[in-house]
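For reference, the chains in residue letters:
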Amino acid sequence: MKQRAVGSGRVEIVDYLRVARRRLWLLVGIPLVAGAAAALVVLLGPQQYAATSYVAAPALVGGSAAQQYTGTQAASQFAAAFAAAVTSPQVVDQVSADTGVPADTLRDGLAVKQVGASSQLTVTYTAADRSTVDPVLAATGKRALAFLFASQVGIATDEVKTATDELTTATRAINDWEKANKVSQPDKLYQSTLQEIASLRQQQLQMQAVGNTRGANAAAESISAGQKRLDGLGPKLPDYQALIAQRDSAASALASARQRLQQARAQSQAADPEKVTSVGEVQPVSRVKALVGLVLPVLGAGLLLAVLLVAVLEWLSRSRRAGQPSAVGRAAPAGGRRGGDDTVVLPAVTASVPEQHSRHR
């Protein structure tokens, strides 16, 4: 059984080689035609020009927890965010408006790469018009950095405005409450009244001890008046204290928003394109590199297409042969023979089944 399996495998390999030899013109011709077409596209196409812009912004990555990109993955996060910003519709449309280059051309020509595992990036732009390479790179760096960091300033500014409005609303509510109840700062008035009553009671005790009845009675009247004020203020204090708590919360939120705005402005200043970007010299793109980069993948794709086409043709050929009438039952010499298409033709059967049974009897 093992020998048969090995033999069968050899036959299959031989069959594959036979098919490849018979369809060699397809296996060789299609990749060559595809490669030649790709080479013509590169050689006959216009000369391409490219330049590289370097983005080095170490002050924007790592450091304090207040920055956008912190932690062990800060550099990778910044690189991914910058690459996404460069090709985002908003940035591409802005660069297109600044330079006059179509958005589709910008997307095809821009490429962003991270330098190793650092926070430094390279932005390469390739185009047929040499005069547009430098302006595109400058505008791309400016717009992408503004998209990532200047937008944070706008968000922080909106937070400050919202917190300021909340503080203004809370302060206005306190003023309205004081006008409606005809009392100013009832919490402080309540505390001062308590202290006054405690002092009067001490004075009353001292006067009673020395026999100053008149003074003790006057102190008692003052204590009674103070207690009435406390009784009037007590029920109102919870509502007032709730308003005070809202005002304090709004004041705390405003302080935090102002701190975030200050940090966002600091990051935006650190992301100044004139400080963190530099554009290299525009150079013509080597046609040899372009050929290698385009022709080799096209050759591989053409070879794959040729293999698939040969497989389909062989399957169609075998399906056509399988659809022909069976050779079993045809007259043939004893022992059978092999047809021209490698089909085994069996000997014809001349005796019917009943006759075979009668002979046995």
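For the structure given in this document, a descriptive report is provided here. The numbering scheme is per chain: residues are counted from 1 as the chain's sequence reads. Note on the predicted model: pLDDT of at least 70 is required for a residue's local features to be given, and 80 or more for side-chain atom pairs to be given and counted; whole-chain, interface and lining totals, by contrast, use all residues. Based on all heavy atoms of the structure, the side-chain values leave hydrogens and waters out of the count.

### Some thoughts on the overall build of the protein
- Strands here mean DSSP runs of E at least two residues long; helices mean DSSP runs of H or I at least four residues long; both are numbered from the N terminus. Per the secondary structure count, the protein includes twelve helices and seven strands.
- Residue exposure (1.4 Å probe, protein chains only): buried if accessible area is under 20% of the type maximum, exposed if over 50%, otherwise partly exposed. Relative to its 361 residues, the protein shows a buried fraction of 27%.
- Computed by Shrake-Rupley with a 1.4 Å probe, the accessible areas treat only the displayed protein chains as cover when residues are assessed. Here the protein has roughly 23,000 Å² of accessible surface; of this, 57% comes from carbon and sulfur atoms.

### Some details on helix α4 (residues 89–99)
- For α4, the set of buried residues is Val-91, Val-92, Val-95 and Ser-96. For α4, the arc enclosing every buried residue in end-on projection is 135°, short of the 170-degree limit, so these residues lie on one face. Of the residues in α4, the exposed ones pointing more than 90 degrees away from the buried face are Pro-89 and Ala-97.
- Looking at the buried residues of α4, the elements they touch are α3 (74–86), α5 (103–109) and α6 (133–181).
- Following α4 by one or two positions, Gly-100 adopts a phi angle in the positive range, close to 80°. As used here, the arc is the angular range of directions from the helix axis to the C-beta atoms. In this analysis, two residues are considered to be in contact whenever any of their non-hydrogen atoms come within 4.5 Å of each other.

### Some points on the pattern of salt bridges
- Salt bridges are counted wherever a side-chain nitrogen of Lys or Arg sits within 4 Å of a carboxyl oxygen of Asp or Glu. On inspection of all chains with the given rule, the structure shows six salt bridges.
- Here Arg-107 ties to Asp-104 by a salt bridge, and the two come within 3.4 Å at their closest N and O atoms. Here Arg-107 pairs with Asp-104, and both are found in helix α5, just three residues apart, close to one helical turn.
- With relative accessibility at 36%, the residue Arg-107 sits in the partly exposed group.
- A salt bridge links Arg-229 to Glu-196; the shortest N-O distance between them is 3.3 Å.

### Examining the pairing of strand β1 (residues 49–55)
- Taken across its seven residues, β1 has five buried, putting it largely inside the fold.
- Note: β1 against strand β3 (residues 121–127), seven bridges, orientation antiparallel. Each residue of the ladder has a partner; that of Val-55, found in β3, is Leu-121.
- As judged from the two bridges shared by β1 and strand β5 (residues 283–284), these two strands associate in the antiparallel manner. Within β5, the position partnered with Ala-50 by the bridge is Gln-283.
- Note: β1 against strand β4 (residues 277–279), three bridges, orientation antiparallel. Considered in β4, the bridge of Tyr-54 is made with Ser-278. Here a strand pair is declared whenever DSSP counts at least two bridges between the two strands.

### Focus: the environment of Ala-79
- With respect to the helices, strands and loops of the structure, Ala-79 is situated in helix α3.
- Each C-alpha atom of the pair Ala-79 and Thr-122 lies 9.8 Å from the other, and the pair is 43 residues apart in sequence.
- Residues in contact with Ala-79, not counting those within four places in the same chain, are Gln-114 and Leu-121.

### Quick look at the side chain of Ser-119
- Positionally, Ser-119 belongs in the loop between β2 (110–114) and β3.
- By relative accessible area, Ser-119 is classed as buried at 15%.
- Excluding residues within four positions of it along the chain, Ser-119 makes contact with Val-55, Ala-57, Pro-58, Val-61, Ala-75 and Phe-78.

### Structural notes on the nonpolar core
- Nine residue types can take part in a nonpolar core, namely buried Ala, Val, Leu, Ile, Met, Phe, Trp, Tyr and Cys, and a core is a set of them joined through side-chain atoms within 4.5 Å. Phe-82, Leu-106, Tyr-125, Val-133 and Phe-149 are the most contacted members of the largest nonpolar core, which has 35 residues in total.
- Breaking this core down by element, the ones donating at least two residues are β1, α3, α4, α5, β3 and α6.
- A total of eight residues in this core trace back to one element, the largest contributor, which is α6.
- Counting eight residues, the second-largest nonpolar core is a separate cluster that includes Val-153, Val-160, Ala-257 and Ala-264.

### A few points about helix α8 (residues 213–233)
- The span you would expect from a helix comes to 1.5 Å times its residue count less one. The terminal C-alpha atoms of α8 lie 30 Å apart, and with 21 residues this matches the ideal 30 Å at 1.5 Å per residue to within 8%.
- At its buried positions, α8 is contacted by α7 (186–210) and α9 (237–270).

### A short note on the packing of α6 against α9
- Every axis corresponds to a line fitted to the C-alpha atoms, with the helix fit spanning only the stretch in contact, and the corresponding angles, defined between N-to-C directions, vary from 0 to 180 degrees. Packing of α6 against α9 brings their axes to within 8 Å, and their N-to-C directions diverge by 160°. In terms of orientation, α6 and α9 fall into the roughly antiparallel class. Between α6 and α9 lies a crossing of left-handed hand.
- Here the term charged refers only to Asp, Glu, Lys and Arg, the term nonpolar to Ala, Val, Leu, Ile, Met, Phe, Trp, Tyr, Cys and Pro, and the term polar to all other amino acids, Gly among them. The class makeup of the residues in the contact of α6 with α9 is 21 nonpolar, seven polar and eight charged. Each angle gets one of four labels, with under 35 degrees taken as roughly parallel, over 145 as roughly antiparallel, 65 to 115 as roughly perpendicular, and the rest as oblique. Helix crossings fall into two classes, left-handed where the near helix is turned counterclockwise from the far one by less than a right angle and right-handed where it is turned clockwise.

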